[in-house]
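# Observations on chain architecture
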Amino acid sequence: MEAGLFLAALLLSCTPIRTSPTTADVCTLQQIAKDKVSYTTGKAVNGCVSRSTMGKPQEVHVLQVKIEKQLWQFQLNVSSAGRTIPPERKVLFVIICDMHCIVTVHLVDLHPTFVSNNMVVGVMGKKSSAFEDTSGEQLVQRVKEHYGGITSFTELKNPHHIHFRVGEDASSPEDCIVQPGFNARRYLQTEFLVQEVKGCTSPGAKKGKEAHILRMQQGPAETSSQPVEVKVNVVCPEAKPLQDLAILLILQSQPSVTWNIDTQRTVSIMASGKHRISRFPSEQLDERVLPDNEQGLIGLAHDTGFDDIASYTDIPSATHVTLELHRCEPEVKTPPPTAAQRPDAVNIVQTFFRLSPPWKCTDDSIEIVMLKMKLQELNDYITDITLQDPHCRAEQNQTHFVLRRYLGDCHTKLESEILARNKLILTLASSLEKVEVPFECSLPPELRLQLYRTQDFKWPSTTVLEVNKAAYVQVSFRAGSARTFLDVKECSLQTAAEEPQQLLIPPVAPLGQVVTVLKPTEATLGRELHRFSFVYSLAGGGPFPPCATLSCRVAWHFNGSTSVATLEVTLQDTRPPPSSLGIEAVVGITFAAFLIGTLLTAALWCIYSHTRPMAKLQPVATNAPASESSSPNHSIGSTQSTPCSTSSMA
């Protein structure tokens with residue numbers, strides 16, 4: 001294969017160009033999105049260097065980044081490779097963005113200090129407005145006056161990756177005089193992604209043959225020999241990369257450029273400068289004269305038999321260029337192993353769920369809601385629905401299948417923190433066969449306010465706020481990045497009654513005793529979390545309103561604006577009802593009732609014993625003779641019997 005690669009380049013460089021009627025065809029270039037082209041260069045939009053910081057306490061490097069859209073992200077690598085920096089030598093970076101940008105800093109063997117304006121997010125250091133609304137020579141002069149000197153100034157547009165090497169050069173000018181198209185190769189290399197890769201295809205283009213045209217435009221001063229490394233990769237992240245692909249690479253530049261092509265593919269090469277293939281470094285092919293305009297280069301590709309212009313890219317002077325071609329082998333559908341698997345039914349079910357997706361993703365959960373009546377459109381009945389984890393099973397009633405699970409469970413995979421992937425496992429009634437339906441859903445990048453009952457913020461959240469008990473509040477935002485995007489400035493609770501608003505997190509004053517700021521201790525699921533707890537108690541202990549509104553105001557780092565998240569909650573009183581009695585009161589009342597009953601019984605017995613009639617006594621019979629004393633009045637209240645009378649006296 002290596003011999004074939006070299007032979008293809010050699011034969012093409014020596015083959016005369018054929019002419020055909022298609023040469024006159026006009027190819028209108030249009031933007032394409034399937035391929036990615038990047039290049040690395042040491043050139044800046046504007047820049048300068050000076051030795052004005054030599055002998056001063058620190059180096060001062062200024063990076064001014066101009067971008068085309070909000071929240072532009074780029075990486076800054078800082079090192080001292082190849083230069084000797086004394087340990088006590090300080091390095092200061094001033095980073096200025098004209099729009100909001102997110103900077104990821106990677107440091108090697110250095111600990112510089114950073115100063116940035118308010119448009120920069122992700123850089124740990126001091127924020128300064130001293131350099132706002134200024135650029136170029138005015139910015140250089142202001143930095144020089146502020147820090148007593150400037151080592152370098154570099155202005156870049158839409159960078160993707162910056163490699164910066166600190167250090168000073170005694171041969172630099174005394175003053176930093178800004179120059180357009182400045183060559184900063186001595187201390188800086190910047191990787192750019194081409195924002196608009198263009199291409200065009202003729203109606204009769206043959207499949208499997210494509211041309212890639214790279215036109216590098218050098219400045220008048222860049223006439224010396226310059227090596228440029230070109231790397232061609234064919235990738236397919238989701239499947240096997242395409243193997244049967246014929247590639248024509250047309251490289252147009254000044255004749256002084258030497259192209260080093262690094263590829264594992266058989267590539268035909270036409271270059272205006274000398275070129276060699278990295279696997280054959282000793283074999284160098286001479287340049288040829290190429291057209292110096294767009295349609296001329298396109299016509300050259302057509303005349304060589306390549307009617308598909310897969311990419312046409314204009315770039316400035318560069319040291320490295322990478323073409324990443326997204327090409328996959330055609331999907332081969334394998335026949336079902338047996339007829340028992342009923343592939344037709346499986347395909348029908350999978351297609352049905354893809355056309356009518358029942359899934360939905362929220363900030364922290366996956367929800368499945370499927371109307372049973374709609375499933376009647378299938379030829380088979382579905383008896384069970386689960387996620388990839390069989391324990392995550394949908395509940396069903398007479399009308400729906402319903403499932404709601406936490407985003408971190410059920411084998412759900414998060415990609416780039418903004419996309420959730422899982423599978424529906426459906427059981428068919430006729431054969432009990434399980435059908436898999438892979439699905440994905442986007443996670444909303446929204447500001448959310450949630451209330452929890454416990455300190456571990458156990459899912460799910462609630463909308464019930466218990467009076468006189470600790471409540472736990474979470475403010476979350478999903479952005480797909482590990483950077484901090486917001487600060488919670490103020491939180492309050494407003495009831496529906498005339499009660500004044502209760503500030504939980506005041507904007508300036510310290511937190512009260514009823515509010516505690518908490519740190520997230522669990523997996524954040526790619527979200528930025530701010531947590532606090534508070535206790536709501538009603539002043540005066542009177543009746544409480546039925547509902548309230550919990551609200552938090554946050555400030556965004558990238559534009560300084562504020563947003564408000566609200567949550568309607570229902571108040572629940574945890575105090576005992578006024579009419580209810582505690583156990584102490586019940587025991588006291590019971591004892592008092594028993595004591596009162598005992599005393600009352602004793603009083604009634606005492607009254608009865610002192611007021612009842614005297615008992616009548618029965619006399620003892622004797623045989624004494626009758627005498628004068630034996631009269632009827634002798635024994636009052638007794639019963640007496642005489643020979644004269646048998647009456648008795650009561």
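Quick caveat, the model's predicted, so the values are computed rather than measured. (Residues numbered from 1 in each chain as written. Predicted model: local features only at pLDDT ≥ 70, side-chain atom pairs only at ≥ 80, totals over all residues. Heavy atoms only, no water.)

In terms of regular secondary structure, the protein is built from five helices and 41 strands. Sorting the 650 residues of the protein into buried and exposed places 41% on the buried side. Across the protein, contacts joining residues at least 24 apart in sequence account for 70% of those joining residues at least 6 apart. (Helix = DSSP H or I, 4+ residues; strand = E, 2+ residues; numbered from the N terminus. Buried < 20%, exposed > 50% of the residue type's maximum accessible area, 1.4 Å probe, protein only. Contact = heavy atoms within 4.5 Å.)

Moving on, we get to the environment of Leu214. When you line up the elements, Leu214 lands in strand 16 (residues 209–217). Taking the C-alpha atoms as reference points, Leu214 and Leu251, separated by 37 residues in sequence, lie 5.0 Å from one another. Residue contacts for Leu214: discarding those within four places in its chain leaves Ile250, Leu251, Gln252, Trp259, Thr313, Ile315 and Val321.

To continue, consider the sheet that holds strand 26 (residues 365–371). Read across the open sheet, the four strands follow the order 25-26-29-28; overall the sheet is antiparallel. At either end of the open sheet lies a strand with only one pairing partner, and these are strand 25 (359–361) and strand 28 (395–396). Pairing of strand 25 with strand 26, which is carried by three bridges, proceeds in the antiparallel orientation. Across the sheet, the residue bridging to Cys361 is Ile366, located in strand 26. (Pairing = 2+ DSSP bridges.)

Taken together, Ile583, Val586 and Val587 make up a surface patch of nonpolar side chains, about 270 Å² in accessible area. Along the polypeptide, Val587 turns up in helix 5 (residues 583–611). (Patch = residues over 30% accessible without salt bridge, like charges linked within 9 Å, V, L, I, M, F, W, Y side chains within 5 Å. Areas by Shrake-Rupley, 256 points an atom, 1.4 Å probe, with all protein chains shown as cover. Salt bridge = Lys/Arg side-chain N within 4 Å of Asp/Glu carboxyl O.)

With that out of the way, let us pick up the sheet that holds strand 3 (residues 46–49). Taken together, the seven strands give an open sheet; going across it, the order is 10-8-6-4-11-3-13, and neighbouring strands pair in mixed fashion. One side of each edge strand has no neighbouring strand; the edge strands of this open sheet are strand 10 (126–127) and strand 13 (179–180). Bridge analysis of strand 6 (residues 90–97) against strand 8 (residues 113–116) gives four bridges, and the strand direction is parallel. If you follow Phe93 over to strand 8, its bridge partner there is Phe114. Along the sheet, helix 2 (residues 136–147) makes contact with strand 3, strand 4 (58–66), strand 6, strand 8 and strand 11 (152–157), crossing strand 4 at roughly 150 degrees. (Axes fitted to C-alpha atoms, helices over the stretch in contact; angles between N-to-C directions.)

In the numbering adopted here, UniProt assigns the feature "transmembrane region" (unreviewed entry) to residues 585–608. Within the segment residues 585–608, helix and strand shares are 100% and 0% respectively, and the terminal C-alpha atoms sit 35 Å apart. (UniProt positions renumbered as here; feature names shortened; annotations may be inferred.)

Turning to the state of the cysteines, a few remarks are in order. Two cysteines whose sulfur atoms are joined by a covalent bond form what is called a disulfide. All chains considered together, the criterion is met by six disulfides. Between the sulfur atoms of Cys491 and its disulfide mate Cys552 the distance is 2.0 Å. Looking along the S-S bond of the Cys491-Cys552 disulfide, the torsion reads about 115 degrees, which is the right-handed sense. Of this pair, Cys491 sits in strand 36 (residues 486–495) while Cys552 sits in strand 40 (residues 547–556); the two residues are 61 residues apart in sequence, bridging distant segments of the chain. What makes Cys552 buried here is its relative accessible area of 1%. (Disulfide = S-S within 2.5 Å.)

Position of Ser80 relative to the elements: it lies in the loop between strand 5 (72–79) and strand 6. On the basis of relative accessibility, which here comes to 10%, the residue Ser80 falls in the buried class. What Ser80 contacts, discounting residues up to four positions off in sequence, is Ile85, Val108, Asp109, Leu110, Arg165 and Val166.

Taking 1.5 Å as the rise per residue, helix 5 with 29 residues should run 42 Å; its terminal C-alpha atoms sit 43 Å apart, in good agreement. Among the 29 residues that make up helix 5, zero are buried, leaving the element largely open to the surroundings. (Expected span 1.5 Å × (residues − 1).)

All right, on to the nonpolar core then. If you look at the biggest cluster of nonpolar residues, it comprises 55 residues, and the most contacted ones within it are Leu76, Val230, Trp259 and Val321. Taken together, domain 1 (35–193) and domain 2 (198–315) each give at least three residues to this core, which thus spans both. (Core = buried A, V, L, I, M, F, W, Y, C linked by side-chain atoms within 4.5 Å. Domains from an automatic or database assignment.)

Time to look at the pairing of strand 27 (residues 382–386). The side chains of a regular strand alternate between both faces of the sheet. Counting buried positions along strand 27 gives four out of five residues, so the element sits mostly inside the fold. Pairing geometry for strand 27 and strand 31 (residues 419–428), over four bridges, is antiparallel. Across the sheet, residue Asp384 finds its bridge partner in strand 31, namely Thr427.

It is worth spelling out the packing of aromatic side chains at this point. In the structure shown here, the tally under the stated rule is ten aromatic pairs. Each ring, one from Tyr39 and one from Phe192, has its centre 5.5 Å from the other, and the planes form 25 degrees; the classification is stacked. Placement of the pair is Tyr39 in strand 2 (residues 36–41) and Phe192 in strand 14 (residues 188–193), with a sequence separation of 153 residues. The two residues Tyr39 and Phe192 agree in class, both being buried. Grouping aromatic residues by their ring pairs yields a cluster made of Phe93, Phe114, Phe164 and Tyr187. Note that Lys209 overlies the ring of Phe306, its terminal NZ or CZ placed 4.6 Å from the centroid. (Phe/Tyr/Trp six-rings, centres within 6.5 Å; stacked < 30°, edge-to-face > 60°. Lys NZ or Arg CZ within 6 Å of the ring centre and 35° of its normal.)

In this section: the pattern of salt bridges. Throughout the structure, instances matching the rule amount to 17 salt bridges. Note that Arg51 is salt-bridged to Glu174, the shortest N-O span being 3.4 Å. One end of the pair, Arg51, is in the loop between strand 3 and strand 4; the other, Glu174, is in the loop between strand 12 (161–165) and strand 13, with 123 residues separating them in the sequence. Relative accessible area serves as the criterion here: at 32%, Arg51 is assigned to the partly exposed category. The exposure class of Glu174 is partly exposed, given its relative accessible area of 43%. Measuring nitrogen to oxygen at the nearest pair gives 2.9 Å for the salt bridge that ties Arg327 to Glu210. Of this pair, Arg327 sits in the loop between strand 24 (320–326) and helix 4 (343–355) while Glu210 sits in strand 16, placing them 117 residues apart in sequence. Judged on exposure class, the residue Arg327 and its partner Glu210 are both buried. The network of salt bridges with shared partners includes Asp35, Glu210 and Arg327.

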